[in-house]
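Chain by chain, the residues:
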Amino acid sequence: MIREAAINEALNELERLIRARANYSVINARRTALVLRCIANGSNTWSRVTKCVEDVEGVTVSPTSLSNVIRTLERLGVIRDYEFLDPMYREAAMRLSVPNY
């Protein structure tokens, strides 16, 4: 029960982050959610994250755009070296819905 509460709190925080990113750019918000989902599902290198995001979006992703998303997540302390710093965030990211803006 405590574990579920922690995962739900992490999920709420990730969803707030994505909504905040949507104020800047809906594409950036969607890619943030995709990067989180990709890393949560085992994409642990630049090339794997890129392939995962491109497979879902069906388009080539700008390296600059993807780099900005990853750097932001690292700066916020969510990930480092394509790994979640907190396992609750990993579980939450696996449950994260990717917005369809």
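It should be emphasised that the depicted structure is a prediction, and the values quoted were computed from it without experimental measurement. (Residues numbered from 1 in each chain as written. Predicted model: local features only at pLDDT ≥ 70, side-chain atom pairs only at ≥ 80, totals over all residues. Heavy atoms only, no water.)

Draft legend 1. Geometry of unusual backbone geometry. A positive phi angle, near 50°, is found at Asp81, a position not held by glycine. Note on placement: Asp81 falls in the loop between strand 1 (79–80) and strand 2 (83–84). The exposed category is assigned to Asp81, whose relative accessible area is 57%. You will see that Tyr82, though not glycine, has its phi angle at about 60°, which is positive. Looking at where Tyr82 falls in the secondary structure, it is placed in the loop between strand 1 and strand 2. (Helix = DSSP H or I, 4+ residues; strand = E, 2+ residues; numbered from the N terminus. Buried < 20%, exposed > 50% of the residue type's maximum accessible area, 1.4 Å probe, protein only.)

Draft legend 2. Focus on the environment of Leu73. Inspection of the secondary structure assignment puts Leu73 in helix 4 (residues 63–75). Spatially, the C-alpha atoms of Leu73 and Phe84 are 9.6 Å apart, while their sequence positions differ by 11 residues. Beyond its immediate chain neighbours, meaning those up to four positions away, Leu73 contacts Leu17, Thr32, Val35, Leu36, Val78 and Ile79. (Contact = heavy atoms within 4.5 Å.)

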